[in-house]
Amino acid sequence: MFAEVIINSNARALNKTFDYIVPVNLEKDIKIGSRVFVPFGNGSKIDDGFVINLKSNSEFAKKEIKKIEPDDSLNEFKINLAKLMARKYFCNISDCIKLMLPPGTSNKDIINRMKDKKGNFVYLNIEYKELQELIKLKKIKSEKHIRVINFLENNNGIYKSDLEVLTDVSSSIIKTLEKNGYIKIVEEKIERNPFIGKNIKRDDEKELTDEQKSCFESIKTSIQTESFSSNLIYGITGSGKTEIYLQLIKEVLDKDKSAIVLVPEISLTPQMVDRFLARFGEENIAVLHSKLSNGERYDEWKKIKSNRKTVVIGARSAIFSPVNNLGIIIIDEEHDSSYKSDTTPRYNAKDIGKYMAEKNNCPLVLGSATPDIGTMYLAKNKKINLYSLTKRANNMKLPNVQVVDMRNELVIGNKSMISLKLQDKIQKNLHKQKQTILFLNRRGYSTFIMCRECGFVAKCKNCNISLTYHRNINKLKCHYCGFETSVLKECPECKSNKIKYFGTGTQKLEEEVHKLFPKASTIRMDIDTVSKKNSHEVILNKFKNEKIDILIGTQMVVKGHHFPNVTLVGVITADGLLNLEDYRSAEKTFQTLVQVAGRSGREEAGDVIIQTYNPDHYAIIDSKKQDYDLFYNEEIALRKMLNYPPFCDIIIINFMGTNLNEINNISNLVYKKIYSNKQNKLIIFKPVPSPIDRINNKYRWRIIIKCKLSSKILDIINNGITDDIIYKNNNTRITVDINPNSMS
Ligand code: ADP
Ligand code: ZN
Ligand code: ZN
């Protein structure tokens, strides 16, 4: 027997199969999808690869397969999917296969993860009631000690380092508690059960409203008849979408099948997972997200594979998890940009979801309060079943949204980032002891450092992008490559000391809030404060539990938690979202503003203030009205007029490298090659530098193609970039992105 093997490599030239002899002793174990180790190239080098096909004849096979890895995550279905993906997303088959493997791909990882790991777990040493008494008697006074004890009441037996992060205390605090005999630390084998010690109350099904019911019944038919259907549930937050998901999943589990639920990474909060645990119990739930360690993720994979029925909840790549008997795919917040990958393979999880639902004869369910314009277009054209939920299932009120024209603030002499109106609202909110969220889309302190004498702008030495001032570390930082440099005392060009800092970021906003409201407590959430594992959770929990007055943050504050005490949301500037050089900037602005507004007033009607220099822009006007339908109609008309998605696809071929000459040559070569094959309907633009034309010392050029993607077009582009001449110029990396998240 012979095997066609793909070598596990991202070198474009190795994206083809090599034939190997299957030794007789391995014949019974080998199958399509087997992971194998083979001698490759000259000498004694051994590489790993994947079996793509088995056959009885080969003209080329000379060497033998050495070893087969017992993992069986892959099968013929997955291999075929990987092949399709490689063609559609212009990458190597092995790049796609890697998404479908359990974490840890090197030989060393495989050995390491087999070892039993040990770890320290923390338990209460005395009854919680007794500890409560001691707290009352002030025998235990430290606020941190009390916090740990209260946390342990519900999370007894938690992993020690998790306890430290989640309660935000140091290891010495835990030690003191142990010394006093209040808690005990036990070394045990790590079971790595993410739900360990969780006390989840079982939650019962709700009686569905009429609107929910008609949606539920219709999708249930698709589950029962085992037929593919594509569905969009369009309903504002709180309209009961999740309740429908839960009841559909119950139908699927009753049929002994599995479910995949995708949510944006950032909304994968414990609260969200708890709702699934409460309904189905932990034995049926697996959670996959990027913050899990390799070991934890491996355990979840094992659990998914060994169960006949599982509910997998995860971010984008969970679409590839090895579930048995797939019975439904649910993609919540389907408009979220995190479903499209920005790195190789540049896939869109919604496309993969549709393919998998089709092949498994089961429903695909998309849900959103502000659906992607493209998804809604398909729904309006009856390509997707549309279900609208118009009423709120609970008694939540819609927020009261006001727009403040920042041009008037300048006229009346208010130079602050916070308009008088918003200042007034914050003051009143503080007085009522209610909480406020301030949203600003830029981190750091100042985003623009310029010499007032000669106009010099401080730019990154590796990237063609201006540096941002970070006050807490007193440094200038590049947000693209991480480069840091000390602050400028004088202009490097003209030696003037008239250096001015323009623009605003979250750090500056926090400082301004402190100046205006010296008594208010604040907490900041942006990439700079949430780099540690779970710190996102820690900040949000702190804000919620310790009743901090004002949360200041970037995009991250938009999703996830429900804060019952937040009654005011201020958008410091909506314009940062609007000015993007991107056909989707209006859509993203509208979606973000609606989502931000949803953070205000969960139980009583809240206030939202949107500050902008463009109060007449339709995205702003429509988000003030919180009217998606109005926005959709305006946006789709514009897209049609300008021939943008969904009326065509935008394909960007990126060229990146250190040698500008080579980039110029190759990009023109690719251009000519595609141009010569071009059909009437393909619009191709000449290669030009990208808007940010240098990142991390690599030049960036691109070709833009506008057309409706089809099998023929895929061939034309694949032929255009797999030319031998291009392989030879290996200083230049070529990537292709279809309808990318960012046009820069
Ligand atoms: P969404 O996912 O659209 O934001 P949810 O499903 O989370 O909405 O529903 C919002 C709240 O209303 C939840 O607390 C949920 O338990 C409750 N809820 C949903 N459907 C019903 C129903 N039919 N009857 C009573 N409560 C419901
Ligand atoms: Zn100067
Ligand atoms: Zn840089």
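For clarity, every value in this text was computed on a predicted model and none was experimentally measured.

Q: If you had to explain the overall build of the protein to someone new, which residues and values would you point to?
A: A tally of helices and strands in the protein yields 24 helices and 31 strands. By the compact-globule yardstick of 27 Å for 744 residues, the protein fits well, its C-alpha radius of gyration being 28 Å. The contacts in the protein between residues at least 6 apart in sequence include a share of 73% that link residues at least 24 apart. When the accessible surface of the protein is summed, it comes to about 34600 Å², and 49% of that surface belongs to carbon and sulfur atoms.

Q: Quick rundown of the packing of aromatic side chains? Include the residues and the values.
A: Evaluated as defined, the whole model comprises 13 aromatic pairs. For the ring pair Phe590 and Tyr628, a centre distance of 6.2 Å and an interplane angle of 50° mean the geometry is tilted. Taken together, the positions of Phe590 in helix α19 (residues 585–597) and Tyr628 in helix α21 (residues 628–642) put the pair 38 residues apart, joining distant regions of the chain. Tyr628 matches Phe590 in its accessibility class, with the two residues each being buried. Through a chain of ring-to-ring contacts, three or more aromatic side chains come together here, namely Tyr234, Phe590, Tyr618, Tyr628, Phe631 and Tyr632. The ring of Tyr644 carries the charged tip of Lys706 above its face, separated from the ring centre by 4.4 Å.

Q: Could you give an account of the site of ligand 1, naming the residues involved and the relevant values?
A: Taken together, 16 residues surround ligand 1, and among them Glu207, Gln212, Gly238, Thr242 and Arg275 come closest. Between ligand 1 and the protein, one listed contact pairs an oxygen atom with a backbone N or O atom of Glu243 at 3.0 Å. Compared with its free state, where it exposes 550 Å², ligand 1 has 77% of that area covered by protein. Take the shell around ligand 1: its biggest share by element is three residues, from helix α9 (residues 241–254).

Q: I'd like to hear about the coordination of the zinc ion (ligand 3), residue by residue, with values.
A: Around the zinc ion (ligand 3), the donor atoms from the protein are Cys460 (SG), Cys463 (SG), Cys478 (SG) and Cys481 (SG), and they sit 2.3 to 2.4 Å away. Between the four donor atoms coordinating the zinc ion (ligand 3), the angles at the centre fall across 102 to 116°, so the site counts as tetrahedral. Along the chain, the residues donating to the zinc ion (ligand 3) are arranged with the sequence spacing C-x2-C-x14-C-x2-C. Judged by relative accessible area, Cys478 falls into the buried class, the value being 2%.

Q: Tell me about the domain arrangement of the protein, and name the residues and values.
A: Under the domain assignment used here, the protein contains domain 1 (2–101), domain 2 (118–189), domain 3 (226–293 + 308–389), domain 4 (400–445 + 504–639) and domain 5 (649–738). Taken over C-alpha atoms, the centre of domain 4 sits 39 Å from the centre of domain 5.

Q: Please set out the sheet that holds strand β9 (residues 229–235) residue by residue, giving values where relevant.
A: If you walk across this open sheet you meet the seven strands as β11-β12-β10-β13-β14-β9-β15, and the pairing is parallel. Looking at which strands have only one partner, the edges of the open sheet turn out to be β11 (285–288) and β15 (385–389). The sheet shows a mean angle of 15° between the axes of neighbouring strands, taken without regard to direction. Relative to strand β14 (residues 363–368), β9 is paired through six bridges, and the arrangement is parallel.

Q: Got a sec to walk through unusual backbone geometry? Specific residues and values, please.
A: In this chain, Thr344 is followed by Pro345 through a cis amide linkage whose omega measures -10°. In this structure, Pro345 sits in the loop between β13 (326–332) and α12 (349–359). Across the junction of Pro645 and Pro646, the peptide omega takes the value 5°, indicating a cis bond. Note on placement: Pro646 falls in the loop between α21 and β27 (649–657). The phi angle at Lys382 is positive, at roughly 65°, despite the residue not being glycine.

Q: Summarise the pairing of strand β18 (residues 448–451); cite the residues concerned and give the values.
A: The alternating pattern of β18 places Ile449 and Cys451 on a buried face and Phe448 and Met450 on a face that is not buried. In the sheet, β18 pairs with strand β22 (residues 499–502) via four bridges, with the strands oriented antiparallel. Within β22, the residue paired with Cys451 across the bridge is Ile499.

Q: Can you tell me about the nonpolar core, naming the residues and giving the values?
A: Of all hydrophobic cores here, the largest spans 107 residues; its most connected members are Ile653 and Ile705. Among the elements that line this core, the one with the most residues is α19, at six residues. Excluding residues that lie within four positions of it along the chain, Ile705 makes contacts with Asp649, Ile650, Ile651, Ile653, Ile674, Leu682, Ile683, Ile684 and Ile717.

Q: Quick rundown of the pattern of salt bridges? Include the residues and the values.
A: Where side chains of opposite charge bring their charged atoms close, a pairing between them can arise. Using the criterion set out here, one finds 30 salt bridges in the structure. Residue Asp203 is joined to Arg279 by a salt bridge in which the shortest nitrogen-to-oxygen separation is 2.9 Å. With Asp203 in the loop between β8 (183–189) and α8 (210–224) and Arg279 in helix α10 (residues 270–280), this residue pair connects regions lying 76 residues apart in the sequence. Assessed through its relative accessible area of 25%, Asp203 is described here as partly exposed.

Q: Summarise the coordination of the zinc ion (ligand 2); cite the residues concerned and give the values.
A: The reference angle at a metal is 109.5 degrees if four donors form a tetrahedron and 90 or 180 degrees if six donors form an octahedron. Here the zinc ion (ligand 2) is held by Cys451 (SG), Cys454 (SG), Cys491 (SG) and Cys494 (SG), and the distances to it run 2.3 to 2.4 Å. With four donor atoms in place around the zinc ion (ligand 2) and angles of 105 to 112° between them, the coordination shape is tetrahedral. Each donor residue of the zinc ion (ligand 2) lies on the same chain, and together they follow the pattern C-x2-C-x36-C-x2-C. Placement of the pair is Cys451 in strand β18 and Cys491 in the loop between β21 (484–486) and β22, with a sequence separation of 40 residues.

Q: Could you give an account of the side chain of Asp607, naming the residues involved and the relevant values?
A: By the element assignment, Asp607 lies in strand β26 (residues 607–612). The exposure class of Asp607 is buried, given its relative accessible area of 19%. Looking at Asp607, its side chain comes within polar contact range of the side chain of Lys425, at 3.5 Å.

Q: How would you sum up the sheet that holds strand β2 (residues 17–21)? Please name residues and give values.
A: Strand pairs in the sheet, formed through backbone hydrogen bonds, run parallel or antiparallel to each other. Reading across the sheet, the five strands line up as β2-β1-β4-β3-β5 and stay open at both edges, with antiparallel pairing between neighbours. Two strands lie at the open edges of the sheet, namely β2 and β5 (67–69), each paired on one side alone. Adjacent strand axes in the sheet meet at a mean angle of 45°, parallel and antiparallel pairs treated alike. One ladder, built from five bridges, connects strand β1 (residues 2–7) with β2; its direction is antiparallel. Each bridged residue has a counterpart across the sheet, and for Ala3 the counterpart in β2 is Tyr20.

Rules used in this analysis
Residues numbered from 1 in each chain as written. Chains lettered and ligands numbered in written order. Predicted model: local features only at pLDDT ≥ 70, side-chain atom pairs only at ≥ 80, totals over all residues. Heavy atoms only, no water. Helix = DSSP H or I, 4+ residues; strand = E, 2+ residues; numbered from the N terminus. Rg over C-alpha atoms; globule rule 2.2 N^0.38 Å. Contact = heavy atoms within 4.5 Å. Areas by Shrake-Rupley, 256 points an atom, 1.4 Å probe, with all protein chains shown as cover. Phe/Tyr/Trp six-rings, centres within 6.5 Å; stacked < 30°, edge-to-face > 60°. Buried < 20%, exposed > 50% of the residue type's maximum accessible area, 1.4 Å probe, protein only. Lys NZ or Arg CZ within 6 Å of the ring centre and 35° of its normal. Near = heavy atom within 4 Å. Polar contact = N/O pair within 3.5 Å; in protein donor to acceptor, adjacent residues only side chain to side chain. Donors = N, O, S within 2.8 Å, 3.2 Å for Na, K, Ca; no water. Tetrahedral: all angles 85-135°; square planar, octahedral: opposite > 155°, others 65-115°. Domains from an automatic or database assignment. Pairing = 2+ DSSP bridges. Axes fitted to C-alpha atoms, helices over the stretch in contact; angles between N-to-C directions. Core = buried A, V, L, I, M, F, W, Y, C linked by side-chain atoms within 4.5 Å. Salt bridge = Lys/Arg side-chain N within 4 Å of Asp/Glu carboxyl O.

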